[in-house]
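Structural characterization, general
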Amino acid sequence: MPAIIPIPAFSDNYIWVVREGAAAAVVDPGDAGPVLAYLDREGLALTAIVTTHHHGDHVGGNAALLARFPVPVFGPAHETIPGRTHALVEGDTITVPGLGLALRVLDVPGHTAGHIAYVSLDSASPIAFVGDTLFAGGCGRLFEGTAAQMAASLAKLAALPADTRVYCAHEYTLANLHFALAVEPGNAALRERQTRDRGKRDRGQPTVPSTIAEERATNPFLRAGEPAVFAAAQAHAGRKLADAVDAFAVVREWKNGFR
Ligand SMILES: [Zn+2]
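Residues numbered from 1 in each chain as written. Predicted model: local features only at pLDDT ≥ 70, side-chain atom pairs only at ≥ 80, totals over all residues. Heavy atoms only, no water.

With that settled, the discussion passes to the overall build of the chain. For the chain, the count of helices and strands is nine helices and 14 strands. Its C-alpha atoms give the chain principal-axis dimensions of about 55 × 40 × 35 Å. A burial count over the chain gives 53% of its 259 residues as buried. Sequence separation of 24 or more characterises 57% of the internal contacts of the chain that already satisfy a separation of 6 or more. Carbon and sulfur atoms make up 55% of the accessible area of the chain, which amounts to about 10300 Å² in all. (Helix = DSSP H or I, 4+ residues; strand = E, 2+ residues; numbered from the N terminus. Buried < 20%, exposed > 50% of the residue type's maximum accessible area, 1.4 Å probe, protein only. Contact = heavy atoms within 4.5 Å. Areas by Shrake-Rupley, 256 points an atom, 1.4 Å probe, with all protein chains shown as cover.)

This part is about helix α1 (residues 32–42). When α1 is considered as a whole, its buried residues turn out to be A32, V35, L36, Y38 and L39. Here the buried residues of α1 occupy an arc of 160° about the axis, which is enough to place them on one side. Residues of α1 that are buried in the fold lie against β1 (3–9), β2 (13–20), β3 (23–27), β4 (45–50) and α3 (62–68). With a side-chain oxygen positioned 3.3 Å from the backbone nitrogen of G33, the residue opening α1 is D31. (Arc of directions from axis to C-beta. Polar contact = N/O pair within 3.5 Å; in protein donor to acceptor, adjacent residues only side chain to side chain.)

Right, let's get into the coordination of the zinc ion. Six octahedral donors around a metal ideally subtend angles of 90 or 180 degrees, whereas four tetrahedral donors ideally subtend 109.5 degrees. Distances from the zinc ion to its protein donors, H53 (NE2), H55 (ND1), H111 (NE2) and D132 (OD), fall within 2.2 to 2.3 Å. One can describe the donor arrangement at the zinc ion as irregular, given that its four donor atoms subtend angles of 90 to 167° at the metal. Of note, the donors binding the zinc ion are all from one chain and are spaced H-x1-H-x55-H-x20-D. Of this pair, H111 sits in the loop between β8 (101–107) and β9 (116–120) while D132 sits in the loop between β10 (127–131) and β11 (134–135), and the two are 21 residues apart along the sequence. (Donors = N, O, S within 2.8 Å, 3.2 Å for Na, K, Ca; no water. Tetrahedral: all angles 85-135°; square planar, octahedral: opposite > 155°, others 65-115°.)

Strands pair in a sheet through their backbones, by hydrogen bonds, and they do so in one of two ways: parallel or antiparallel. Taken in spatial order, the six strands of this open sheet run β1-β2-β3-β4-β5-β6, and their pairing is mixed. On the outer flanks of this sheet lie β1 and β6 (86–88), each paired with one strand and no other. Pairwise comparison of adjacent strand axes, ignoring direction, gives a mean angle of 25° for this sheet. By the bridge criterion, two bridges tie β4 to strand β5 (residues 73–76) in an arrangement that is parallel. Note that in β5 the partner of I49 across the bridge is V73. Packed onto the sheet, α1 meets β1, β2, β3 and β4 and runs at close to 135° relative to β1. (Pairing = 2+ DSSP bridges. Axes fitted to C-alpha atoms, helices over the stretch in contact; angles between N-to-C directions.)

With that out of the way, let us pick up the packing of helix α5 (residues 173–183) against helix α9 (residues 244–256). Running from N to C, α5 and α9 point in directions that differ by 125°, and their axes come no closer than 11 Å. The pairing of α5 with α9 is recorded here as oblique in orientation. Once α5 is placed against α9, the crossing between them reads as right-handed. Between α5 and α9, the contacting residues are N176, F179, A182 and V183 on the first element and V251, W254 and K255 on the second. Here the residues of the contact of α5 with α9 are counted per class, giving five nonpolar, one polar and one charged. (Parallel < 35°, antiparallel > 145°, perpendicular 65-115°, else oblique. Left-handed = near helix turned anticlockwise from the far one by under 90°. Nonpolar A, V, L, I, M, F, W, Y, C, P; charged D, E, K, R; others polar.)

Here we take up the environment of G33. Relative to the assigned elements, G33 resides in helix α1. What makes G33 partly exposed here is its relative accessible area of 40%. Counting along the chain gives 46 residues from G33 to E79, while the straight-line C-alpha distance between them is 24 Å.

Generally speaking, nonpolar side chains in soluble globular proteins are found buried as a group. Among the nonpolar cores identified, the biggest contains 56 residues, and W16, V96, Y118, F129, L157 and F248 are the most heavily contacted of them. Apart from the residues lying within four places of it in its own chain, the contact partners of W16 are I4, I5, P6, A25, V26, V27, F129, Y167, C168, V208 and P209. If you look at the next biggest cluster of nonpolar residues, it comprises 20 residues, including A9, V17, V26 and I49. (Core = buried A, V, L, I, M, F, W, Y, C linked by side-chain atoms within 4.5 Å.)

On to the packing of aromatic side chains, then. Across all of its chains, the model carries eight aromatic pairs by this definition. Taking 5.5 Å as the distance between ring centres and 50° as the angle between the ring planes, the aromatic pair formed by Y14 and W16 counts as tilted. The class of Y14 is buried, set by a relative accessible area of 7%. When the centroid spacing of 5.0 Å and the interplanar angle of 75° are considered together, the rings of F135 and Y172 count as edge-to-face. Taken together, the positions of F135 in strand β11 and Y172 in the loop between β13 (165–168) and α5 put the pair 37 residues apart, joining distant regions of the chain. (Phe/Tyr/Trp six-rings, centres within 6.5 Å; stacked < 30°, edge-to-face > 60°.)

Okay, the side chain of T47 next. Considering the arrangement of structural elements, one finds T47 in strand β4. On the basis of relative accessibility, which here comes to 17%, the residue T47 falls in the buried class. At 2.7 Å, the side chain of T47 and the backbone oxygen of P97 are in polar contact. Non-local contacts of T47, meaning those with residues more than four positions away in its chain, are made with A23, A24, A25, V71, P72, P97 and G98.

Put into structure tokens, the structure is as follows:
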């Protein structure tokens, strides 16, 4: 299993470097500068760019990286990705050049219309690169998709093996958990997670990756059908909600205005 290292970029992005020997692939390089600095410092050669969606803070570094390393660019088929050589849809599998890492593609629309995620085929050490779909303790905003699409995308990710390590693209965790506790103040696992993740941030460590088990237990966006979350959404909306998708939509709207 290759090592997976976060490179902080902009104010709160993580660009994930997957490295083995002298080879490295990069996931969602919004900025080439910190990636090139890392590759040079570590004496690594870039072998691939892996992209989840078209937003600038995920693809902004592609051109500059390709100028130095003319590598394959994997990305969603239904979005415009600079330098894309491999257009992917759900069910496709790729082997990341130089790393022997096999990944399966999932369609996870909602944040953007063509957003994809990458899930490892290695059941001994499962991983998922989820871009801006599932965050640690939260989920992406609905810029291009509907609540029903996002809820279905999150359900797909929630169905991954419990020990899957989830690599999202932003350090939003403490704000997400603050909101999650407003939704579900009686969730003991959520309180424990907040203490643990605060400790990590105090020590200057990333809170990412989390695991699917942790997200199922504490992330309100995966828990809209749980009685406590459903009831909180209903109280917040001030009306009877039809189903878990309705509750998910209310919780997503609630978070948009939450400070
Ligand atoms: Zn995005």
